[in-house]
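Coordinate analysis (summary)
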Protein chains: 2
Amino acid sequence: MQAELAPTPEPPYVAVIFTSLRTHSANDGYAAMADAMDTLAATQEGYLGHESARGTDGLGITVSYWRDEESVVAWKRVAEHLVAQRLGRERWYEAYQVRVARVDRAYAGPHR
Amino acid sequence: MQAELAPTPEPPYVAVIFTSLRTHSANDGYAAMADAMDTLAATQEGYLGHESARGTDGLGITVSYWRDEESVVAWKRVAEHLVAQRLGRERWYEAYQVRVARVDRAYAGPHR
């Protein structure tokens, strides 16, 4: 799939910055669950888009964008997502950080 | 180098979310400049840390963390950084988005 930046609206909106270090296990269902969560998130009320990257050093960053704080809290409580969160804690991540932030300004480029 | 998550303090602080699609040119000085900017950013007043990842699809995310908005604005104006920004616009990026956000809450895991 062609990578794309998330086409977010004018601020303000909410960004959830999820950064993680993966465990070294392979074939542990992670990729399938990540795809399923991307698909499910996109159906949620208030979802605006997301961007995701993981480097060869194992550090991954996913930023999801939401209309407001209520949408973020609701998504955190979706049943299938709770299962993914539990497996993440138990199996997939050496370490992670979740940061919830309000985007106040944004600009795109390049304008050549 | 071992990947590490940025050890940020308690919120509030500022996150600059830079997402980009690279052009397909190789050996264009990008990697060296990226390293130099990482090193230089770390010397700036108000710098708290950063995290960076680029996937095989060409989408990259760098999130840098700053004490306050003033630190962000000052870093944007540093002379060497202005050169990097110009080369980014002219040469390195197909597309990018910069989002400046105030981190209101954060938590780390896993706690097994």
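A few words on the nonpolar core. Grouped together as the largest cluster of nonpolar side chains are 28 residues, with contacts concentrated most on Val63 of chain A together with Val63 of chain B. Elements that contribute at least two residues to this core include exactly β1 (13–22), β3 (59–66) and β4 (93–109) of chain A together with β1 (13–22), β3 (59–66) and β4 (93–109) of chain B. Once you skip the residues sitting within four places of it in the chain, Val63 of chain B turns out to touch Ile17 and Ile61 of chain A together with Ala15, Val16, Ile17, Gly49, His50 and Glu51 of chain B. Grouped together as the second largest cluster of nonpolar side chains are 19 residues, Ala41, Trp66, Trp75 and Trp92 of chain A included.

So, about the confidence of the model for chain A. Residues of chain A with pLDDT of at least 70 account for 96%, and the chain-wide mean is 93. Taken together, the chains of this predicted complex give a pTM of 0.94 and an interface ipTM of 0.93.

Our next topic: the interface of chain B and chain A. On the chain A side, the residues contacting the 47 residues of chain B number 47 residues. Each partner contributes to the roughly 4100 Å² buried at the junction of chain B and chain A, and carbon and sulfur atoms together form 56% of this total. Of all residues in chain B, the largest losses of buried area upon contact with chain A belong to Leu5, Arg99 and Tyr107 of chain B, amounting jointly to 17% of the total for that side. Taking the shortest distance from any N to any O, the salt bridge between Arg105 of chain B and Glu69 of chain A comes out at 2.4 Å. There are 23 residue pairs in polar contact (both at pLDDT 80 or more) connecting chain B and chain A. No other element matches β4 of chain B, which puts 17 residues into the side of chain B that touches chain A. Looking at side-chain class alone, the side of chain B that touches chain A contains 25 nonpolar, eight polar and 14 charged residues. Pairing of β4 of chain A with β4 of chain B involves 13 bridges; the strand directions are antiparallel. Bridge pairing in β4 of chain B links Arg99 of chain A to Ala106 of chain B.

Spatially, eight strands are ordered β2(A)-β3(A)-β1(A)-β4(A)-β4(B)-β1(B)-β3(B)-β2(B) in an open sheet, and the strand pairing comes out antiparallel. At either end of the open sheet lies a strand with only one pairing partner, and these are β2 (47–54) of chain A together with β2 (47–54) of chain B. For this sheet the average axis-to-axis angle between neighbouring strands, irrespective of direction, equals 25°. On the sheet, helix α2 (residues 69–76) of chain A packs against β1, β3 and β4 of chain A together with β4 of chain B and is oriented at approximately 70° with respect to β4 of chain B. Contacting β1, β2, β3 and β4 of chain B, helix α1 (residues 30–41) of chain B runs over the sheet at an angle of about 160° to β2 of chain B.

Our focus in this paragraph is the packing of aromatic side chains. Residue and element names in this part refer to chain A. Counted under the stated rule, the structure contains 16 aromatic pairs over all chains. Aromatic side chains Phe18 and Tyr96 sit 5.7 Å apart centroid to centroid with 35° between the ring planes, which places their arrangement in the tilted category. You can see Phe18 sitting in strand β1 and its partner Tyr96 sitting in strand β4, a full 78 residues away along the chain. A ring pair is formed by Tyr93 and Tyr96, whose centres lie 5.9 Å apart and whose planes are at 70°; its orientation type is edge-to-face. One aromatic cluster is present, built from ring pairs that chain together Phe18, Tyr30, Trp92, Tyr93 and Tyr96. Lying across the ring of Tyr30, Arg22 places its NZ or CZ 4.0 Å from the centre.

The next thing to look at is the relation of the copies chain B and chain A. Overlaying chain B on chain A yields an RMSD of 0.0 Å, the required transformation being a rotation through 180° with an accompanying axial translation of 0.0 Å. On this basis, the relationship between the two copies can be described by a two-fold rotation axis. A share of 100% of the interface residues of chain B reappears at the interface of chain A, consistent with the copies meeting face to face through the same patch.

To continue, consider the pattern of salt bridges. One pass over the structure, following the stated rule, counts 14 salt bridges over all chains. Between Glu90 of chain B and Arg86 of chain B there is a salt bridge, with the nearest N and O atoms lying 3.4 Å from each other. You can see Glu90 of chain B and its partner Arg86 of chain B sitting in helix α3 (residues 79–92), four residues apart, about one turn around the helix. A network of salt bridges, in which partner residues are shared, links Glu45, Arg67 and Asp68 of chain A.

Turning our attention to the pairing of β4 of chain B. With 10 bridges connecting them, β1 of chain B and β4 of chain B associate as antiparallel partners. In the strand pairing of β4 of chain B, Ile17 of chain B is matched with Arg99 of chain B.

Basis of the calculations
- Residues numbered from 1 in each chain as written.
- Chains lettered and ligands numbered in written order.
- Predicted model: local features only at pLDDT ≥ 70, side-chain atom pairs only at ≥ 80, totals over all residues.
- Heavy atoms only, no water.
- Core = buried A, V, L, I, M, F, W, Y, C linked by side-chain atoms within 4.5 Å.
- Buried < 20%, exposed > 50% of the residue type's maximum accessible area, 1.4 Å probe, protein only.
- Helix = DSSP H or I, 4+ residues; strand = E, 2+ residues; numbered from the N terminus.
- Contact = heavy atoms within 4.5 Å.
- pLDDT = per-residue confidence, 0-100.
- Buried area = accessible area lost by both parts, 1.4 Å probe.
- Salt bridge = Lys/Arg side-chain N within 4 Å of Asp/Glu carboxyl O.
- Polar contact = N/O pair within 3.5 Å; in protein donor to acceptor, adjacent residues only side chain to side chain.
- Nonpolar A, V, L, I, M, F, W, Y, C, P; charged D, E, K, R; others polar.
- Pairing = 2+ DSSP bridges.
- Axes fitted to C-alpha atoms, helices over the stretch in contact; angles between N-to-C directions.
- Phe/Tyr/Trp six-rings, centres within 6.5 Å; stacked < 30°, edge-to-face > 60°.
- Lys NZ or Arg CZ within 6 Å of the ring centre and 35° of its normal.
- Least-squares fit on C-alpha atoms with pLDDT ≥ 70 in both.

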